[in-house]
Amino acid sequence: MDFEINKKLLPMKAHYFFFNAGLAPIMPFIPTYARQLGVSQVGVGLMYTVFPFVGLLAKPLFGTIADKFRIGKQIFITAIICAAIFFTSIYFIPAKPTEALMDFDCNLMTILKTCEVSDNCTLTRINLENPDMMSTLECTLICNNPNSQFLEEMCSTWNVSDVCNTNLTSIEMKTYSNMSKALLEESSCLYFPVENLSFNGTEVENPYCKSSTSMKCNTVCNSATVMSYIQKPITETSQEPYYSTIQFQMLFGLMIGAWASTAVVTSLADSICFNLLGSKPHDYGRQRLWGALGWGISAIFAGYLIDSVSHGENIKNYTPSFILVFIMLTVNTISVSKIKIDYRQEPYAFAKVASLFKDVKVVLFLLSCITFGICIGSIWQFLFWYLEDMASSQGCDSLEWIKLLEGLAMGIQCFAGEAPFLFLSGWFLNKLGHVHTMTMILLVMGFRLICYSLLTNPWLTLPIELLNGLTLGVYWSTMTSYAYLIAPPGAGTTLQGIFGALFEGIGTAVGSLLGGFIFQNYGGAIMYRSFGIYTLIFGILYSSIHAFMDRKKTMTRKEFAAGIEDYSSTESYSRVNQAPDDQL
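Residues numbered from 1 in each chain as written. Predicted model: local features only at pLDDT ≥ 70, side-chain atom pairs only at ≥ 80, totals over all residues. Heavy atoms only, no water.

### Comments concerning empty space enclosed by the protein
Here the idea is plain: a probe the size of a water molecule rolls over the atoms and shows the empty space left. So the rule is basically this: Cavities and pockets are defined on a 1 Å grid built over the protein atoms alone: a cavity is a set of grid points where a 1.4 Å probe fits but cannot escape, while a pocket is an open set with protein on both sides within 12 Å along at least five of seven lines, and lining residues are those with an atom within 4 Å of any such point. Grid points are joined across faces, edges and corners, and a volume is the space filled by probe spheres set on the points. Put simply, DSSP marks the helices as runs of H or I at least four residues long and the strands as runs of E at least two long, and each gets a number from the N terminus on. Residues are grouped as follows: Ala, Val, Leu, Ile, Met, Phe, Trp, Tyr, Cys and Pro are nonpolar; Asp, Glu, Lys and Arg are charged; all remaining types, including Gly, are polar.
Within the structure shown, the criterion is met by two cavities of 30 Å³ or more. By volume, the second largest cavity amounts to about 80 Å³. As for the second largest cavity, its lining consists of Lys-59, Thr-266, Ser-267, Asp-270, Trp-476, Met-479, Thr-480, Gln-496 and Gly-500. Every element with two or more residues in the lining of the second largest cavity is listed here: helix H8 (246–277), helix H15 (468–486) and helix H16 (492–522). Tallied by class, residues from the lining of the second largest cavity come to two nonpolar, five polar and two charged.

### Structural notes on the state of the cysteines
Basically, it comes down to this: The disulfide definition used here is simple: a pair of cysteine sulfur atoms within 2.5 Å. For each residue, the accessible area found with a 1.4 Å probe, counting protein chains only, is set against the maximum for its type, and the residue is called buried under 20%, exposed over 50%, and partly exposed in between.
Applying the stated rule across the entire model yields four disulfides. Between Cys-106 and Cys-209 runs a disulfide, and the two sulfur atoms are separated by 1.8 Å. Between Cys-106 and Cys-209 the sulfur-sulfur dihedral comes to about 100 degrees; the bridge is accordingly right-handed. One end of the pair, Cys-106, is in strand S1 (residues 98–106); the other, Cys-209, is in the loop between strand S8 (202–205) and strand S9 (213–221), and 103 residues separate them in sequence. Like Cys-106, the residue Cys-209 is buried in the burial classification.

### With respect to the environment of Met-102
Defined as follows: Contacts are assigned to residue pairs that have any heavy atoms within 4.5 Å of one another.
Within the element layout of this structure, Met-102 appears in strand S1. Relative accessible area serves as the criterion here: at 0%, Met-102 is assigned to the buried category. C-alpha separation for the pair Met-102 and Met-215, spaced 113 residues apart in sequence, amounts to 8.4 Å. With sequence-adjacent residues up to four places away left out, Met-102 is seen in contact with Leu-112, Lys-113, Thr-114, Phe-192, Met-215, Lys-216, Cys-217, Thr-219, Cys-221 and Ile-230.

### Here's the deal with the confidence of the model for the chain
We apply this condition: On a scale of 0 to 100, pLDDT captures the predictor's confidence in every residue.
Looking at the chain as a whole, the pLDDT averages 83, with 88% of positions reaching at least 70. Below a pLDDT of 50 lies the segment residues 554–584, which in the model reaches 79 contacts outside its immediate sequence neighbourhood of four places, other chains included.

### Notes on helix H12 (residues 360–392)
We apply this condition: A helix is expected to reach a length of 1.5 Å times the quantity of its residues less one. The bend reported for a residue corresponds to the angle between axes fitted to the seven residues ending at that residue and the seven starting there.
A rise of 1.5 Å per residue sets the reference length of H12, with its 33 residues, at 48 Å; its end C-alpha atoms lie 47 Å apart and thus fit the reference within 8%. Along its length, H12 shows its largest kink, about 55 degrees, at Phe-382.

### A closer look at the side chain of Asn-178
Note the threshold: We define a polar contact as two N or O atoms separated by no more than 3.5 Å, with the added condition that, inside protein, one atom must be a possible hydrogen donor and the other a possible acceptor, whereas residues neighbouring each other in sequence contribute only through side-chain atom pairs.
When you line up the elements, Asn-178 lands in strand S4 (residues 170–178). A distance of 2.7 Å separates a polar atom in the side chain of Asn-178 from a polar atom in the side chain of Ser-180.

### So, the nonpolar core
In plain terms, the rule: In this description, a nonpolar core means a group of buried Ala, Val, Leu, Ile, Met, Phe, Trp, Tyr and Cys residues linked to one another through side-chain atoms lying within 4.5 Å.
Counting residues in hydrophobic clusters, the biggest one holds 118 residues, and the most contacted among them are Phe-76, Phe-87, Ile-90 and Phe-499. In terms of residue count, the dominant contributor to this core is H8 (17 residues). For Phe-499, the residues in contact, after removing those within four places along its chain, are Val-362, Phe-365, Leu-366, Cys-369, Met-479, Tyr-482, Ala-483 and Ile-486. In terms of nonpolar packing, the next biggest core, distinct from the first, is built from 35 residues, Leu-141, Trp-158, Val-160 and Cys-209 among them.

### Focus on the packing of aromatic side chains
We apply this condition: Between 30 and 60 degrees the pair is tilted, below 30 it is stacked and above 60 it is edge-to-face, where a pair is any two Phe, Tyr or Trp rings, Trp via its six-membered ring, whose centres lie within 6.5 Å.
All chains considered together, the criterion is met by 33 aromatic pairs. With a centroid separation of 5.5 Å and 65 degrees between ring planes, the pair formed by Tyr-33 and Phe-322 is classed as edge-to-face. Of this pair, Tyr-33 sits in helix H2 (residues 30–37) while Phe-322 sits in helix H10 (residues 319–336), and the two are 289 residues apart along the sequence. Here Tyr-33 and Phe-322 have matching classes, each one buried. Centroid distance Phe-365 to Phe-499: 6.0 Å. Interplanar angle 50 degrees. Geometry classified as tilted. Placement of Phe-365 in helix H12 and of Phe-499 in helix H16 is noted, with a sequence separation of 134 residues between them. Both residues of the pair, Phe-365 and Phe-499, count as buried.

As structure tokens, this is what we get:
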């Protein structure tokens, strides 16, 4: 069998691969990077509430401009460059100053203490960092304005002559503690008994004080886990609002620009892809699957590089992520410059676009996109949180494997779910048509969410993730091809922008906000069960209404053109059938 590659589509495949490979090293890590910059959880939550509405505005706006003035390629390339600039600029946001304080308590025995601990699994986390638990915790302490009582103890009890009859304003010493003797009190205070300390060359074994004394000291320890508990941002005032910090303002501004640029690129890329596919819109998934592959490969590689360069450091070093973003998006910009777009000469008429929304079938399809967005938003935002809560209820041992489970889940979603079903999505659309394919997506998504709600073992989520192919993988092709096929001549980008904006700007935003409310008040199981039942009911209603409206034809490959005519105007029908016959 001869297999011919359409060279005209190669730049499109390259775009999907390199653009997603450019987003994967940074997008999943933005919340943790924000925390590292000193942005609070409330600040991160506010940003991710606003971002979908940025896409809601950007997609149809720039889609309309691209169609009206026929400058889609110029906007497309500019948006990729802007995305690269905005994302890489995040690297230059100055981190908020931090301090790491521990209490140095000296009595019958000397201990280092912090009461900044908030979970029962602290000792397990330390154990994971030091599996043999025989490591020595070495801390350097700088204690400013030491009290006179402590100086007297150093002079008389420890025989440190350097502090006798002096008025030191600061002292620096090193302490050594056996990690295996760490104690956790009431899940809030962590203690490390000090077995040895050194000051100005003087070694003191088993230090103690005749009278109780305590000081707060700036501390640097050789344990990243311990440092994660004690290192906190310095606030100028205790009442300083999170939105007044330069870190929040810069990150929020740059992410709005990056999010808008990404939304525009995504929308225009799909429109350009359908333009190149011509009379074979059902082959869209075979182009889009390269995006799933790019995302999966790049995310794994970036995670490995971040862990490698951060080994032994107290905070994660995300420099490799930003380098990958710059390289991948630069290559992407070069690859898309090779794309040649054939703009047809029909005049742009927004009135024809608006008239489509008088069609009940189109409105129903839009509502189905919003419903799917609600469901996928709840998965994107809360699935791993839900699994971590479930795992922690089984004991602290879950910390040893929960990140492995999350990594496997992401791998299955991408490589075993989304990518292969993007390839097969054209087959589903040809055999079932858009209405029945969307019905299948909604019913499978409802089943998937209910399966989440019934989980008792987090590992059982892995087979459920295979359904990501029948849901998200097939959905991308269904939504974008439907918008393209019903669009009036010259308005494909506009309509795809509207559909994408409603899916993301309303659907995923509602899923995040409403899902967060239900999750916080009733738990993840109730949230997923509620959304699952709602989606099943909507899917049944969606199919039933179409059946009631005597929409009984099934789009087979032979009936494909007739099916298109049901969805679109005669002009759109003619345009699709007269397009050049491109091969994959």
